[in-house]
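# Results of the structural survey
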Amino acid sequence: MTMDLRDLYQDIILDHGQHPRNFHALAHPSHSANGHNPLCGDRVTIYLDLDGDKIKDVSFVGRGYAISQASASLMTEIVKGKTLAEADALFKSFHAKVTGGEEISLPSELEDDAERLEPLTGVKTYPARVKCATLAWHAFEAAVKSGALGATVKTE
Amino acid sequence: MSFDPQALRRDFPIFANNPGLVYLDSAASAQKPAAVIDGVSNFYRTDYANIHRGVYRLSAKSTELYENARERVRKFLNAKHFGEIVFVRGATEGINLVAYSWGGAFLKPGDEVLLTELEHHANIVPWQILRDRIGFKIVAAPIDATGGLDLAKLEALISPRTKLVAVTQLANATGAMVPVETIARLAHAKGAKILVDGCQAAPRLAVDVQALDCDFYVFSGHKIYGPTGIGVLYAKKAILDAMPPFQGGGDMILNVTFEKTEFQEPPVRFEAGTPDISGAIGLAMALDYVDAIGRDAILAHEEALTGYGVDIVSRLPGVRLVGAGQHRLGILSLEVEGIHPHDVATLLDGHKVAVRAGHHCAQPLLDKLGLGATTRASFGVYNDERDIDAFAAAVKAAQRTFKTVTR
Ligand SMILES: Cc1ncc(COP(=O)(O)O)c(C=O)c1O
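Residues numbered from 1 in each chain as written. Chains lettered and ligands numbered in written order. Predicted model: local features only at pLDDT ≥ 70, side-chain atom pairs only at ≥ 80, totals over all residues. Heavy atoms only, no water.

### Let's talk about the overall build of chain A
The following threshold applies: Strands here mean DSSP runs of E at least two residues long; helices mean DSSP runs of H or I at least four residues long; both are numbered from the N terminus. Only the C-alpha atoms count toward the radius of gyration. The rule for a globule is 2.2 Å times the residue count to the power 0.38. Categorising residues by exposure relies on relative accessible area from a 1.4 Å probe, with only protein chains included: less than 20% of the type maximum marks a residue as buried, more than 50% marks it as exposed, and the intermediate range marks it as partly exposed. Throughout, a contact is declared for two residues whenever any of their heavy atoms are within 4.5 Å. Note that accessible areas follow from Shrake-Rupley with a 1.4 Å probe, and for residues the cover is restricted to the protein chains shown. Counted as positive: Lys and Arg. Counted as negative: Asp and Glu, with His and the chain ends omitted from the count. Charge placement uses NZ in Lys and CZ in Arg. For Asp and Glu, CG and CD serve respectively.
For chain A, the helix and strand inventory stands at seven helices and four strands. Listed N to C, the secondary structure of chain A is α-α-β-β-β-α-α-α-α-α-β in terms of helices and strands. Here chain A has a C-alpha radius of gyration of 14 Å; the compact-globule value for 156 residues is 15 Å, and the two agree. With the principal axes as the frame, chain A shows a C-alpha extent of 45 × 35 × 25 Å. Residues counted as buried form 51% of the 156 residues belonging to chain A. Within chain A, contacts between residues at least 6 apart in sequence are counted, and of these 65% link residues at least 24 apart. In the form shown here, chain A has an accessible surface area of approximately 7000 Å², with 50% of it arising from carbon and sulfur atoms. Looking at charge distribution, chain A has the averaged site of its 16 positive side-chain charges lying 7 Å from that of its 22 negative ones.

Pasting the structure below:
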């Protein structure tokens, strides 16, 4: 196997892909959004419970391959309890890493979280997979921006 | 001649340029032999000019090569008349042409178009677009429990309202063969026409449109070792003669005034604008290549590989072969337990094994089978048993990575 692939399919991704965390719908979400990648059929729905600027709770349901599901699972673990600004900063830095954009520096208290996303950045050598790895984050952003339930975002 | 995939592989420069490549995606598109690549390039270097209407020698030569390519396709399909061969962009455009031109002129509200559950989107969506304009009904003949077409149910669904039966000859998502000759008889007995989607069949077996007695036959050049951007629509002469144009423009006219236009005879009536000249010529070269190997030899090879593949894949623990009825050819679609097909394909790519993962443009079929996506391996003349062994080994490695099968 090539090195890139071993990087990509690390135990942490397999673990989250096969046993996703926070994998359920919220009973009373304040926001939600569907993410769909029509190219490969991957789907996630993100549920948020916001208290002002604070992410009180977050969950998801979805189907797709390990990378998109692991990414969603990791995201929910990481952003729970954070502020929207912090989540946004983490997304921007993650997005830059997987798309080969300019590196974005994060405040030191977010560095550990960014570190946890590191295994997913192996997708950068698989352009067709980048959209799957960021699908949950795009859906999260859409849920926040729409300010409502049931927004839809497509990534291709 | 004994069939030697290893020797044939040397005809395909892609393999020299990608050492170790295990190419199992010919159903999506076949690789190109040097004869086609160089032939197209040489045509541009030595004989190229726009066709028809040109009075100078180079244009006459280019026209001759283009029309010779049409004759080459006629022979390949054993069509009766040269004029029954229309060059199109591919099977998709061929079906859209039939829907727009023939369907638009002859289908009425209350009519039915009978498809099957095995169809590629290219043989579904054009009919839906037309249905929404005209208001006829689309009916889909079901598959049986083994994944093959249920011929008895199809027969029962052909009624006096049925104006067209449009079926694939070989299902691209599963490899299920369809007895189109029988279906043609059944359709004609009820006064319906039949369109055969030969995309996957034409590269794998001899096609004789007169023996099949089909009214329309389409295939794509790129799946039969030819260039992209070129394909063929065959239609019986009497049907083509009665069909209005598809697109309007240059070449397809006899006389144009602002008041009215007189159209050319087929096939030119259906080839508006400058066609894919080099594509048609390249396709003719690809057909030469295929016929030099021999279509019976290719069929025997594809059957042998399919048999071997079924055998190997059925013995892989945690792998389920998707059913394709009684007769499967050239294509294996499978589920690897606990691993999403996109993960399988990504991991296989790490072993230089190129396969396709997804719905294979046949969502209604996968829905019916209760699957969102599958992993698909498909064969060409350059594949041999070692490719299938490499595929099986890579699937096992993926299972080890995912720890779904530990042995
Ligand atoms: C059975 C079948 N029909 C139609 C098509 C569409 O062919 P094209 O994209 O070359 O027009 C394909 C290609 O995947 C196919 O396999």
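Structure's up, so let's keep going.
### Here's the deal with the confidence of the model for chain A
A low pLDDT means the predicted coordinates there should not be read in detail. Formally: What pLDDT reports is the predictor's confidence in each residue, on a scale of 0 through 100.
Per-chain confidence: chain A averages 88 in pLDDT, with 95% of residues scoring 70 or above. Per-element averaging of pLDDT across chain A places helix α1 (residues 3-8) of chain A at the bottom with 62 and strand β3 (residues 54-63) of chain A at the top with 95.

### Section: empty space enclosed by the protein
Residue and element names in this part refer to chain B. Here is the rule: Whether a set of points on the 1 Å grid over the protein atoms alone is a cavity depends on a 1.4 Å probe fitting there but being unable to get out, while an open set qualifies as a pocket with protein on both sides within 12 Å along at least five of seven lines; lining residues are those with an atom within 4 Å of a point. Grid points are joined across faces, edges and corners, and a volume is the space filled by probe spheres set on the points. We call Asp, Glu, Lys and Arg charged. Ala, Val, Leu, Ile, Met, Phe, Trp, Tyr, Cys and Pro are nonpolar, and the rest, Gly among them, are polar.
Taken as a whole, this structure holds one cavity of 30 Å³ or more when the rule is applied. Estimated volume of the largest cavity: approximately 40 Å³. Along the walls of the largest cavity sit Ser 26, Ala 27, Ala 30, Gln 200, Pro 203, Arg 204, Lys 223, Tyr 225, Glu 302 and Phe 379, which together make up its complete lining. When the residues that make up the lining of the largest cavity are grouped by side-chain class, the tally is five nonpolar, two polar and three charged.

### Thoughts on the site of the ligand
Residues and elements named next belong to chain B. Under the convention used in this document: Throughout, near means a residue has at least one heavy atom within 4 Å of the molecule or strand. Polar contacts, as used here, are pairs of N or O atoms within 3.5 Å; protein pairs need one atom able to donate a hydrogen and one able to accept it. Residues neighboring in sequence count only if both atoms are side-chain atoms.
Taken together, 13 residues surround the ligand, and among them Thr 92, Asp 197, Ser 220, His 222 and Lys 223 come closest. The contact in question runs from an oxygen atom of the ligand to an N or O atom on the side chain of Thr 92, over 2.5 Å. Coverage of the ligand by the protein chains reaches 84% of its 400 Å² of free accessible surface. Residue composition of the shell around the ligand, grouped by class: three nonpolar, eight polar and two charged.

### Some words on a nonpolar patch on the surface
Keep this limit in mind: To count toward a patch, a residue needs a relative accessible area over 30% and no salt bridge; like charges are then connected within 9 Å, while nonpolar side chains (Val, Leu, Ile, Met, Phe, Trp, Tyr) are connected within 5 Å. By definition here, a salt bridge exists when the distance from a side-chain nitrogen of Lys or Arg to a carboxyl oxygen of Asp or Glu is within 4 Å.
A contiguous nonpolar patch, built from B:Val55, B:Tyr56 and B:Leu58 and spanning about 340 Å² of accessible area, is present on the exposed surface. Topologically, B:Val55 is positioned in the loop between α3 (34-46) and α4 (57-77).

### Remarks on the sheet that holds strand β4 (residues 137-141) of chain B
Residue and element names in this part refer to chain B. Filter applied, for reference: Two strands are counted as paired when DSSP detects at least two bridges linking them. Here an angle of 0 to 180 degrees is reported between the N-to-C directions of two axes, which are lines fitted to C-alpha atoms, with helices fitted over the stretch in contact.
If you trace the seven strands from one edge of the open sheet to the other, you get β2-β8-β7-β6-β5-β3-β4, paired in mixed fashion. Strand pairing shows two members of the sheet lacking a second neighbour, β2 (85-88) and β4, which therefore form its edges. Each strand axis lies, on average, 20° off the axis of its neighbour in the sheet, ignoring direction. Pairing analysis gives three bridges linking strand β3 (residues 112-116) to strand β5 (residues 162-168), with the strands arranged parallel. Bridge assignment links Leu 114 to a residue of β5, and that residue is Val 165.

### A closer look at the layout of surface pockets
Residues and elements named next belong to chain B. When its volume is computed, the second largest pocket comes out at roughly 210 Å³. What lines the second largest pocket is a set of 15 residues, among which Phe 87, Val 88, Glu 93, Ala 272 and Pro 275 lie closest to the centre. Class assignment of the residues belonging to the lining of the second largest pocket gives a composition of eight nonpolar, three polar and four charged.

### Section: the packing of helix α12 (residues 295-314) of chain B against helix α15 (residues 385-402) of chain B
All names here are of chain B. Selection criterion: Should an angle fall under 35 degrees it is taken as roughly parallel, and over 145 as roughly antiparallel, whereas 65 to 115 is taken as roughly perpendicular and any remaining angle as oblique. Note on convention: near helix rotated counterclockwise from far helix by under a right angle means a left-handed crossing. Clockwise means right-handed.
Look at α12 against α15: their axes get within 10 Å of each other, and the N-to-C directions meet at 25°. In terms of their interaxial angle, α12 and α15 are classed as roughly parallel. Crossing angle aside, the handedness with which α12 passes α15 is right-handed. Between α12 and α15, the contacting residues are Leu 305, Tyr 308, Gly 309, Ile 312 and Val 313 on the first element and Glu 385, Ile 388, Asp 389, Phe 391 and Ala 392 on the second. A class-by-class count of the residues in the contact of α12 with α15 yields seven nonpolar, one polar and two charged.

### Comments concerning the sheet that holds strand β11 (residues 319-321) of chain B
All names here are of chain B. The strand order across the open sheet formed by four strands is β11-β12-β15-β14, and the pairing between neighbours is antiparallel. Here the strands that pair on one side only, and so sit at the sheet edges, are β11 and β14 (356-358). The average angle at which neighbouring strand axes cross in this sheet is 30°, direction not considered. As defined by bridge partners, β14 adjoins strand β15 (residues 374-378) across three bridges and the pair is classed as antiparallel. Looking at the pairing, Ala 357 lines up with Thr 375 of β15.

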